[in-house]
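One letter stands for each residue in the lines below.
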Amino acid sequence: MPPEGASLILHNVDVRTMDPARPRAGALALRGNRIFALGTEAEGLPLSGPDTRVIDGRGGTLLPGFYESHVHLFEGGASLGRLNVAEVFGAKALRDAVQAFAAAKPDADLLIAYGANYTLFGEGTRITRQQLDAAIPDRPFYMIACDFHTGWANTIALERAGLIHGRDVGPAAEVVMAADGTATGELREGGAMECLSALGPSGGREALGMAGAEPGPVTPDQRAADKACLRAGMTCCARHGITKLINMDGNRYQLELLRELEAEAPLPCRIEVPCRIPIDAAGDPVAKAVAMTRDFASETISCGRVKMFMDGVFDNWTALKLEDYPDRPGFRGAPIVPPELFARLCAQADAAGLQISVHAVGDGAVRHVLDGYEAARHINGPREIRYRVEHIDNIHPDGIPRLRDLGVIASMQPVHPPGSAGLPLEPTVTLMGRESWPLAFNWRAIKDAGVPLRFATDWPISPLDPLHAIQCALTRQPWAEGLPDPRLTLDECLEAYTAQGAHAAFDEDRLGRLAPGMLADLVLVAGDLDSLHRPGDLAVGAVLTICDGRITFEAT
């Protein structure tokens, strides 16, 4: 190591650098916001000076800061003040949870829960407003599904939202109606769900980025509340060792809030916020994305990306399949964006040098997305744009070599498979169709084909902790005998959450690896990482997070 002094030294650590040139080390030194040097324990300590902070890692593992490649920060921050019902099943359990939550929030105009499983009242039972009325009849109550693509409301909430008798809520959305002409309480997709979130304390501003919409007039108090929500979400990310976020919903309003927050105090994480293209692509959304990219281009806050949706989810029949739904002969879903429009938008975004991320869950949606990417490549010529497909719950066998040949990145969430992270198998696995199981969430098949693979959580849809997500990836079991093993190795999972995440966003020259000259984003993990191969409570956790050379979380 060179003789110059360091601002911070971490020693007595197992440094996993994610750098093939030097995979392991025993000490790491920082100078300001850059990694200064790596070496053995003996080499690291002589670099300390009178102003150097020296941290004993107590044998922990030092990694590049986790690169969270798919998160919804505004919704995540909002969820910290909501009722989590992910582990609630049955009428009595729901009533007890909701009544306790209501008692703690006597002045709330709308009580909001999230994480609800479709089987909350049992397999084969769709949730209704009458069941929610039994939990709480006299105050508006809105419950969001575990996938955030469906919501349910009690009668009084539906009445206040003007939905009790149904109404048009826009394309690719639905207020589900009963035979008697009134709403069942089930709300499918954003256009319907936004009618309820608008009744909440934020007026639904946290959900506008999902639709690519901007808020109307915002008061100073509302703006301050929204900024506090975003900072709370980023602070939560830092507690889990996350140093860079790729937000997967976005508008200019979020970027403006983040810039104001950074002017007040350094942000706990770096963040990229895309321009979400609305379903109807009204106006000139690519020009808006170009302007956002031009106006927000720092190392901390950036744009550079457009986000679109091609389908929804299996559990409410909005995922786009290549085969009929088992319970709906002749029905396969429909693409949210018509293929011709999608291809045109991809070509425009590609020509502008923007990255493209598209939500595609069903194998039909993945095929449509790849068709659009191929069309853009044909129009503009091959370039390294690093297109992404988000989720890929299901893929046809011919889709995997197309991903590879088009240079498309698979952005996947190991906490999403049914049977993982507390999720029930039904109704998802049945609605997928037995014939599609071999390649459902099959990370191994995708990676072995040479497709770049990134991991993320999709928080608040799933728990935020990357170590929990890695545990889910390592412990996942096939749904039936004879199915292939989809798991990756521990090292592959760590790479998918660090170096590969950075590569997907063109950050590989400064993030995702621990090497001299790289930006000082890192996480110290206490506990044995090999314990992640076992299911159950986590035996590891982040104890120190450093972003841009600053300590953003330190366990006490």
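Residues numbered from 1 in each chain as written. Predicted model: local features only at pLDDT ≥ 70, side-chain atom pairs only at ≥ 80, totals over all residues. Heavy atoms only, no water.

1. What about the overall build of the chain?
Working step 1: Each helix and strand counted, the chain has 18 helices and 24 strands in total.
Working step 2: Here the chain has a C-alpha radius of gyration of 23 Å; the compact-globule value for 556 residues is 24 Å, and the two agree.
Working step 3: Projected onto its principal axes, the C-alpha positions of the chain cover 80 × 55 × 50 Å.
Working step 4: When the 556 residues of the chain are sorted by exposure, 59% land in the buried category.
Working step 5: Contacts in the chain between residues at least 24 apart in sequence constitute 72% of all its contacts with a sequence separation of at least 6.
Working step 6: Split by element, the accessible area of the chain, about 20500 Å² in all, is 53% carbon and sulfur.
Working step 7: Here the chain carries 52 positive and 72 negative side-chain charges, and the mean point of each set is 2 Å from the other. (Helix = DSSP H or I, 4+ residues; strand = E, 2+ residues; numbered from the N terminus. Rg over C-alpha atoms; globule rule 2.2 N^0.38 Å. Buried < 20%, exposed > 50% of the residue type's maximum accessible area, 1.4 Å probe, protein only. Contact = heavy atoms within 4.5 Å. Areas by Shrake-Rupley, 256 points an atom, 1.4 Å probe, with all protein chains shown as cover. Lys, Arg positive; Asp, Glu negative; His and termini not counted. Charge placed at Lys NZ, Arg CZ, Asp CG, Glu CD.)

2. Focus: the layout of surface pockets
Working step 1: Size it by volume and the second largest pocket reaches roughly 380 Å³.
Working step 2: Lining of the second largest pocket is provided by 20 residues; of these, Ala 78, Gly 81, Arg 82, Lys 105 and Pro 201 occupy positions nearest its centre.
Working step 3: Broken down by secondary-structure element, the contributors of at least two residues to the lining of the second largest pocket are α2 (73-79), β8 (111-116) and α8 (220-239).
Working step 4: Considered class by class, the residues forming the lining of the second largest pocket number ten nonpolar, five polar and five charged. (1 Å grid on protein atoms, 1.4 Å probe; cavity = no way out; pocket = protein on both sides within 12 Å on 5 of 7 lines; lining within 4 Å. Points joined across faces, edges and corners; volume = space filled by probe spheres on them. Nonpolar A, V, L, I, M, F, W, Y, C, P; charged D, E, K, R; others polar.)

3. Describing empty space enclosed by the protein
To locate leftover empty space, one rolls a probe as large as a water molecule over the atoms.
Working step 1: Using the criterion set out here, one finds four cavities of 30 Å³ or more in the structure.
Working step 2: One number sums up the size of the largest cavity: a volume of about 60 Å³.
Working step 3: What lines the largest cavity is simply Trp 437, Pro 438, Ala 440, Asn 442, Arg 476, Pro 478, Trp 479, Leu 483, Pro 484 and Pro 486.
Working step 4: Within the lining of the largest cavity, the residues separate by chemical class into eight nonpolar, one polar and one charged.
Working step 5: Size it by volume and the second largest cavity reaches roughly 50 Å³.
Working step 6: Lining the second largest cavity, in full, are Pro 64, Gly 65, Tyr 67, Thr 243, Arg 510, Leu 511, Gly 512, Arg 513, Leu 519 and Asp 521.
Working step 7: Each residue belonging to the lining of the second largest cavity can be placed in one class, and the counts come to four nonpolar, three polar and three charged.

4. As for the sheet that holds strand β18 (residues 355-360)
Working step 1: Judged by pairing direction, the sheet is parallel, and its six strands sit side by side in the order β15-β17-β18-β19-β20-β21 without closing on themselves. What marks the edges here is a single partner per strand, and that holds for β15 (275-276) and β21 (453-455).
Working step 2: With three bridges joining them, strand β20 (residues 409-412) and β21 adopt parallel strand pairing. Paired with Met 412 across the strands is Phe 455, a residue of β21.
Working step 3: On the sheet, helix α12 (residues 363-380) packs against β18 and β19 (388-391) and is oriented at approximately 160° with respect to β18. (Pairing = 2+ DSSP bridges. Axes fitted to C-alpha atoms, helices over the stretch in contact; angles between N-to-C directions.)

5. Some details on the environment of Ala 347
Working step 1: Tracing the backbone shows Ala 347 in helix α11 (residues 339-351).
Working step 2: Between the alpha carbons of Ala 347 and Glu 374 there is a distance of 9.3 Å; along the sequence they are 27 residues apart.
Working step 3: The contact partners of Ala 347, leaving out residues within four places of it in the chain, are Ala 376, Ile 379 and Asn 380.

6. Section: the environment of Ala 375
Working step 1: Within the fold, Ala 375 resides in helix α12.
Working step 2: Owing to a relative accessible area of 24%, Ala 375 belongs among the partly exposed residues under this scheme.
Working step 3: Taking the C-alpha atoms as reference, Ala 375 lies 9.6 Å from Glu 340; in sequence the two are 35 residues apart.

7. Some words on the packing of α8 against helix α9 (residues 252-264)
A pair of packed helices is characterised by two quantities: the angle between their axes and the separation of those axes.
Working step 1: Where α8 contacts α9, the two axes come as close as 10 Å, and the packing angle between them is 80°. Judged by the angle between their axes, α8 and α9 are roughly perpendicular. In contact with Arg 223, Asp 226, Lys 227, Leu 230, Arg 231 and Met 234 of α8, α9 contributes Tyr 253, Gln 254, Glu 256, Leu 257, Leu 258, Glu 260, Leu 261 and Glu 264. (Parallel < 35°, antiparallel > 145°, perpendicular 65-115°, else oblique.)

8. Considering the domain arrangement of the chain
Reports of interface size often rely on the accessible area that becomes lost once the parts have come together.
Working step 1: Split by domain assignment, the chain resolves into domain 1 (75-210) and domain 2 (305-488).
Working step 2: Distance from the C-alpha centre of domain 1 to the C-alpha centre of domain 2: 27 Å.
Working step 3: In this assembly, 20 residues from domain 1 lie in contact with 17 residues from domain 2.
Working step 4: Of the roughly 1500 Å² buried where domain 1 meets domain 2, counting both sides, 67% is carbon and sulfur surface.
Working step 5: At the surface where domain 1 touches domain 2, the tally comes to zero salt bridges.
Working step 6: Inspection of the domain 1/domain 2 interface yields five residue pairs in polar contact (both at pLDDT 80 or more).
Working step 7: In terms of residue count, α2 provides more of the side of domain 1 that touches domain 2 than any other element does, four residues in total.
Working step 8: The class makeup of the residues in the side of domain 1 that touches domain 2 is seven nonpolar, seven polar and six charged. (Domains from an automatic or database assignment. Buried area = accessible area lost by both parts, 1.4 Å probe. Salt bridge = Lys/Arg side-chain N within 4 Å of Asp/Glu carboxyl O. Polar contact = N/O pair within 3.5 Å; in protein donor to acceptor, adjacent residues only side chain to side chain.)

9. Description of the pairing of strand β3 (residues 34-39)
Working step 1: Of all six residues that make up β3, five are buried, and the element is covered over most of its length.
Working step 2: Where strand β2 (residues 24-31) and β3 come together, five bridges link them in antiparallel fashion. Within the sheet, the bridge partner assigned to Ala 29 lies in β3 and is Ala 37.
Working step 3: Between the end of β2 and the start of β3, which pair antiparallel, lie two residues, with Gly 32 showing a positive phi angle near 65°.

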